[in-house]
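# Secondary and tertiary structure notes
Each chain, written out:
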Amino acid sequence: MATWSERDKKVVWHPFTQMREWSRDPQLTIVRGDGPYLIDDQGRRYLDGVSSLWCNVHGHNHPRLNQAVRGQLDQLAHSTFLGLSHPPAIELAENLVRVAPSGLTRVFYSDSGSAAVEIALKMAFQYWQLRGTPRPRFLRMEHAYHGDTLGAVGVGGIELFHRIFGPLIVRSIGVPSPTSAIDSGETPEAAMVRSLAALDSAIASHGHEVGALIMEPLVQGAAGMLMHPPGFLRAVADRCRAADILLIVDEVATGFGRTGAMFACEHEDVRPDILCVAKGLTGGYLPLAATLTTDAIYEAFLGERAEYKAFFHGHTFTANPLACAVALESMAMLEESALDWSRDLARYLERLLREFVAPLPFVGQIRQRGLMIGIELARPDRSPFPAEEFRGAKACDAARKYGVILRPLGDVLVWMPPLTLTRDDADLLAHATIRGIEDSCG
Ligand SMILES: *Cc1c(COP(=O)(O)O)cnc(C)c1O
């Protein structure tokens, strides 16, 4: 009988995957989860070192989250949010408004981080149109990642995507990211001055036509866990406010405890005009996203039906009740203890990184903010490996043999474990990573 993997290779097309390689190489089929572990169809256990692409918060197969889904399932699995409402979405919106940075008072639901960003862009665009002063352009950070739909690609700064989809995307104005290559010698302070000067000049030349600036707060995740210097988010927020440019903060990756706070904005007391959340919102259980905004933006859309000022956006599964119910439970668990535990865990991981990972000859730089960690591989002289050697991917493949699932960003190995990892699990994460690096780079 054909294995799951053989059947997969006949009919499935995987995201971000060269399918020729996929079909040739052995692949895992995951059949069960158990806390931070994933179990394959052969019964092998793997630590989920990247939280199933950064969304899992409390581990897999969690009794409380399972119960939240089951409880809601006995009531209602889905009903439309266009023209109808339901209790789980109302309660979750109340909860999001309570914990979000102050001033964010309205919740618009969707089902992925990319959709949350599309909504933020359309909301900002239509807001300025409704005000009678159209400002159709967007500012974005270099190397930014905001999702894979066309609007999100347009305000992202991933060169490869622009090369392929250039003619289709929203045009935006890039601002240099305040991070320097590891072998450049530039200090974070100098990088920040350089970046803010470029932002000032972009505002001076285009400010009147720019409706919003979009950015990932503190950490540019997909770019390779690039860390912004302290004060950068605050400085950008101040400049946006002064130039009357809306600030869209994309907390899809950083939200729900990843940086040691519920939202990364809290670290610099920033109150964005629009906030996007997704990934960790449901604890990683179900697809759900939200775009939060202020009274000022919300009220600009109010009017008579015939004025056609409504916000024209919605998806079939907007505000799915099962997803809302599990999100409520996940947020309750974060507030009860998971957020506190994650801060201890971040400190423990920091120690492991300093003592055991940083000294390796093929580790060029380690970047950490809470539970968002990038381990950048490099040659012993800190120069990068040639990209075509795919050292990052090879190190991750090797780490699997030691029982840990990782996924790289180029030559940056990512640690982004569930917040509930124990110290023993953390030790396994470090052990497998070290062996993976040694096997693939040595
Ligand atoms: C993952 C991610 C997105 C896209 O979210 P999807 O749910 O994958 O569409 C957007 N922004 C950031 C910062 C992300 O990390």
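### Structural notes on the domain arrangement of the protein
When the domains of the protein are assigned, the result is domain 1 (4-61 + 339-441) and domain 2 (79-319). A separation of 27 Å is found between the C-alpha centroids of domain 1 and domain 2. Contact with domain 1, which involves 36 residues of that partner, is made by 27 residues of domain 2. For the pair domain 1 and domain 2, the summed buried area comes to about 2,400 Å², and 64% of that belongs to carbon and sulfur atoms. Three residues, W54, R369 and M372, lead the burial of domain 1 against domain 2; their summed loss comes to 29% of the area buried on that side. Linking domain 1 to domain 2 there are zero salt bridges. Scanning the region where domain 1 abuts domain 2 turns up eleven residue pairs in polar contact (both at pLDDT 80 or more). Among the residues forming the side of domain 1 that touches domain 2, the class breakdown is 18 nonpolar, 13 polar and five charged.

### Comments concerning the site of the ligand
The ligand sits among W54, S112, G113, S114, Y145, H146, G147, E216, D250, V252, A253 and K279. Between the ligand and the protein, one listed contact pairs an oxygen atom with a side-chain N or O atom of S114 at 2.6 Å. With respect to the ligand, the side chain of K279 contributes an N or O atom lying 2.6 Å from an oxygen atom. Its free accessible area being 380 Å², the ligand has 82% of it covered by the protein chains. When the residues that make up the shell around the ligand are grouped by side-chain class, the tally is four nonpolar, five polar and three charged.

### Digging into a nonpolar patch on the surface
Taken together, the side chains of L150, L160, I164, F165 and L168 make up a nonpolar region of the molecular surface, amounting to roughly 470 Å² of accessible area. Broken down by element, the residue count for the nonpolar patch peaks at three residues, all from helix 8 (residues 159-165). Looking at the element boundaries, L160 is found in helix 8. Take L160: its relative accessible area is 43%, and that puts it in the partly exposed class.

### Let's talk about the sheet that holds strand 10 (residues 246-250)
The pairing of strands in a sheet happens through backbone hydrogen bonds and is either parallel or antiparallel. If you walk across this open sheet you meet the seven strands as 4-12-11-10-7-5-6, and the pairing is mixed. Each edge of the open sheet is held by one strand with a lone partner, namely strand 4 (104-110) and strand 6 (172-175). Neighbour to neighbour, the strand axes of the sheet diverge by 20° on average, direction disregarded. Sheet analysis places strand 5 (residues 137-141) next to strand 7 (residues 210-215), joined by four bridges and oriented parallel. Across the sheet, F138 pairs through a bridge with A212, a residue of strand 7. Contacts between helix 5 (residues 87-99) and the sheet are confined to strand 4 and strand 12 (289-294), with strand 4 contributing the most and set at about 135° to the helix.

### A word on the packing of aromatic side chains
For the structure shown, the criterion picks out seven aromatic pairs. Aromatic rings pair up to connect F108, F301 and F311 into one cluster. Above the face of the Y37 ring, R45 is positioned so that its terminal group lies 4.6 Å from the ring centre. Positioned above the aromatic ring of W128, the side-chain terminus of R135 is 4.2 Å from the ring centre.

### What to know about the side chain of R135
Mapping R135 onto the fold places it in the loop between helix 6 (113-130) and strand 5. D244 provides the closest opposite charge to the buried, unpaired R135, separated from it by 4.1 Å. A polar side-chain atom of R135 sits 3.3 Å from the main-chain carbonyl oxygen of D244.

### Things to note about the nonpolar core
One finds L92, Y109, L139 and W415 to be the most contacted residues of the largest nonpolar core, which totals 96 residues. For this core, the leading source of residues is helix 12 (residues 321-357), giving 15 residues. Not counting chain neighbours up to four residues away, the residues in contact with L139 comprise I173, V175, L199, A202, I203, V210, A212, L213, I214 and I245. Counting 25 residues, the second-largest nonpolar core is a separate cluster that includes L121, I274, C276 and A300.

The rules behind these values
Residues numbered from 1 in each chain as written. Predicted model: local features only at pLDDT ≥ 70, side-chain atom pairs only at ≥ 80, totals over all residues. Heavy atoms only, no water. Domains from an automatic or database assignment. Contact = heavy atoms within 4.5 Å. Buried area = accessible area lost by both parts, 1.4 Å probe. Salt bridge = Lys/Arg side-chain N within 4 Å of Asp/Glu carboxyl O. Polar contact = N/O pair within 3.5 Å; in protein donor to acceptor, adjacent residues only side chain to side chain. Nonpolar A, V, L, I, M, F, W, Y, C, P; charged D, E, K, R; others polar. Near = heavy atom within 4 Å. Areas by Shrake-Rupley, 256 points an atom, 1.4 Å probe, with all protein chains shown as cover. Patch = residues over 30% accessible without salt bridge, like charges linked within 9 Å, V, L, I, M, F, W, Y side chains within 5 Å. Helix = DSSP H or I, 4+ residues; strand = E, 2+ residues; numbered from the N terminus. Buried < 20%, exposed > 50% of the residue type's maximum accessible area, 1.4 Å probe, protein only. Pairing = 2+ DSSP bridges. Axes fitted to C-alpha atoms, helices over the stretch in contact; angles between N-to-C directions. Phe/Tyr/Trp six-rings, centres within 6.5 Å; stacked < 30°, edge-to-face > 60°. Lys NZ or Arg CZ within 6 Å of the ring centre and 35° of its normal. Lys, Arg positive; Asp, Glu negative; His and termini not counted. Core = buried A, V, L, I, M, F, W, Y, C linked by side-chain atoms within 4.5 Å.

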